[in-house]
Amino acid sequence: MKYFDYIDEDLRSEEVSIKDIAKNIPTPFYCYSANAFKNNFNVLKNAFKDLELKICYATKSNSNLSILNILQKEGAGVDVVSAGELRKSLMANISPQDIVFSGVGKTYEEIEYAISNNIFQINVESVSELSAINKIAHKLNLVQQIGIRLNPDIAGKTHKNISTGSLSDKFGIPFDEVEEIFLNREIFSNLNIVGIAFHIGSQIHDIEPFQAVFKKTNELLKKINKNEQVIKVLDIGGGYGVDYENNNEEFPILEYADLVKSSFDTNELTIVIEPGRYLSWNTGALITKVLYIKKHGNKKFIITDSGMNDLMRPALYDSYHKIVPVSKIKNTEKIPTDIVGPICESTDKLLSTSEFYDVKEGDLLAILNSGAYGSSMSSNYNVRPLIEEILIDKDTFSTIRKRQSFEDIIVQEIEL
Ligand code: LLP
């Protein structure tokens with residue numbers, strides 16, 4: 001589904017023309033469609049309609065408070081990976097009982113904060129972490145529900161930087177150790193160890209790796225649950241691939257939902273999913289201005305005012321984001337072209353192409369499908385401010401994060 005498209009000459013989202021936003025807001029800025037988030041959430045919810053499951057949005061993909069508010073109202077829970085994400089989720093009124101806390105390196109303070117807030121489940125990634133959580137829960141005189149994150153040693157077929165399911169990756173606990181934890185679970189007096197979790201990577205298009213993990217997990221479940229229903233919660237992660245290149249590569253979500261239903265005893269288990277990108281990718285665009293155009297022999301450079309500090313994905317994963325003009329341009333130029341940012345790094349390249357629109361200096365461009373892992377991964381590199389974020393809802397648009405000022409950036413520094 002396209003949430004940014006042309007009507008006549010103007011790129012629009014919902015009923016707002018991007019050009020009109022740019023009249024008021026200096027570039028670069030992110031803008032999102034509120035209804036895109038709602039639609040994406042409901043597509044997922046409908047895919048699982050006859051199954052009661054917890055959809056825990058991976059807030060790391062985009063954690064703006066207003067976006068968390070939208071998803072909360074649609075009925076989403078969240079998957080968080082830091083005290084900051086947890087605090088934001090609580091601020092957005094996500095019920096603590098709809099929150100799972102993942103991550104391989106939670107600090108003492110983060111664990112204490114999570115337990116004190118009575119969250120649904122902490123997913124644990126080592127035996128040492130399990131002992132630490134038990135001690136903290138004991139001190140607080142509370143009992144915490146726990147999921148054990150498996151390392152299934154099955155890699156989701158994806159870019160090597162976002163694959164998490166192999167034993168050579170830092171995530172999870174190997175199968176045989178997991179079984180042992182469940183056998184010895186009584187040692188951990190302040191933990192209620194009832195969950196299994198896994199997440200094998202991100203931007204996975206094929207169903208096969210999921211099939212393989214489900215099969216392996218089911219064998220373990222059967223073993224552990226043989227005499228009594230020890231495992232009651234199954235958190236099967238996220239990772240559903242999206243079609244950045246518009247290659248008819250949509251993730252087969254209905255097939256996946258059927259696979260979940262046919263693989264597990266869903267009457268006995270609470271199923272949790274942790275989708276991030278699937279809910280946020282096509283909801284947002286990064287709007288930028290062409291500053292300069294130059295040629296080095298037969299190569300053209302279009303230099304924009306947004307760079308890898310605003311959108312890191314192309315530099316980090318060679319990932320593709322379609323770029324289009326905000327006001328339609330008919331002519332293109334067939335010449336090797338790099339669209340680059342102002343950062344002093346050669347990897348600060350948003351797109352390399354052999355043909356691009358014949359843009360002029362001052363034109364606006366939209367870097368599409370930047371709703372996931374765009375703003376949330378941005379930084380102050382080169383002492384550039386975090387940029388403004390705009391939310392479009394029908395025919396209105398509002399600022400949902402202000403652009404940082406220089407004072408915001410410098411305030412924490414202590415000049416000796
Ligand atoms: N659950 C856990 C435990 C995760 O680590 C992640 C993502 C998710 C869920 C959500 O995965 P998703 O459904 O969004 O694929 N920065 C990279 C992606 C890194 C994903 C890290 N973990 C990118 O821009 O492609």
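Here the structure is a predicted model, which means the values were calculated and not measured. (Residues numbered from 1 in each chain as written. Predicted model: local features only at pLDDT ≥ 70, side-chain atom pairs only at ≥ 80, totals over all residues. Heavy atoms only, no water.)

Another aspect to go through is the domain arrangement of the chain. In many analyses, interface size is given as the accessible surface area lost on bringing the parts together. The domain boundaries assigned to the chain delineate domain 1 (4-32 + 281-410) and domain 2 (34-278). On a C-alpha basis, the centres of domain 1 and domain 2 stand 32 Å from each other. Contacts between domain 1 and domain 2 engage 23 residues on the former and 22 residues on the latter. With both chains or domains summed, domain 1 and domain 2 bury close to 2000 Å², and 53% of this area falls on carbon and sulfur atoms. (Domains from an automatic or database assignment. Contact = heavy atoms within 4.5 Å. Buried area = accessible area lost by both parts, 1.4 Å probe.)

In this model, helix α8 (residues 208-224) (17 residues) spans 25 Å end to end at C-alpha, consistent with the 24 Å of a helix rising 1.5 Å per residue. Within α8, burial applies to P209, F210, V213, F214, T217, N218, L220, L221 and I224. For α8, the angular spread of the buried residues around the axis is 170 degrees, confining them to a single face. Across α8 from its buried face, at more than 90 degrees, point the exposed residues K215, K222 and K223. (Helix = DSSP H or I, 4+ residues; strand = E, 2+ residues; numbered from the N terminus. Expected span 1.5 Å × (residues − 1). Buried < 20%, exposed > 50% of the residue type's maximum accessible area, 1.4 Å probe, protein only. Arc of directions from axis to C-beta.)

As a matter of local geometry, the ligand sits amid 18 residues, with S202, E274, R313, Y317 and Y373 nearest to it. One of the side-chain nitrogen or oxygen atoms of Y317 is found 2.7 Å away from a nitrogen atom of the ligand. A per-class count over the shell around the ligand returns 6 nonpolar, 6 polar and 6 charged. When we break the shell around the ligand down by domain, the ones giving at least three residues each are domain 1 (4-32 + 281-410) and domain 2 (34-278). (Near = heavy atom within 4 Å. Polar contact = N/O pair within 3.5 Å; in protein donor to acceptor, adjacent residues only side chain to side chain. Nonpolar A, V, L, I, M, F, W, Y, C, P; charged D, E, K, R; others polar.)

Turning our attention to the sheet that holds strand β3 (residues 16-17). Paired through their backbone hydrogen bonds, the strands of a sheet run either parallel or antiparallel. Judged by pairing direction, the sheet is antiparallel, and its 3 strands sit side by side in the order β1-β2-β3 without closing on themselves. Sheet topology places β1 (4-7) and β3 at the edges, where each strand pairs with a single neighbour. Sheet topology places strand β2 (residues 10-13) next to β3; 2 bridges connect them, and they run antiparallel. Note on β3: the bridge partner recorded for R12 is S17. (Pairing = 2+ DSSP bridges.)

It is worth spelling out the packing of helix α2 (residues 34-47) against helix α3 (residues 65-74) at this point. Contact pair α2 / α3: the axes reach a minimum separation of 10 Å and the direction vectors enclose 40 degrees. Considered as vectors, α2 and α3 are oriented oblique to each other. Of the two possible hands of crossing, α2 and α3 adopt the one that is right-handed. For the pair formed by α2 and α3, the contact residues are A34, F37, K38, F41, N42 and K45 on the first element and I67, I70, L71 and E74 on the second. Residues belonging to the contact of α2 with α3 are distributed by class as follows: 6 nonpolar, 1 polar and 3 charged. (Axes fitted to C-alpha atoms, helices over the stretch in contact; angles between N-to-C directions. Parallel < 35°, antiparallel > 145°, perpendicular 65-115°, else oblique. Left-handed = near helix turned anticlockwise from the far one by under 90°.)

Relative to strand β17 (residues 332-340), strand β15 (residues 299-304) runs parallel, the two sharing 4 bridges. Following the sheet pairing, K300 is matched in β17 by T337. As paired elements, β17 and strand β18 (residues 349-357) share 7 bridges and run antiparallel to each other. Paired with T337 across the strands is T353, a residue of β18.

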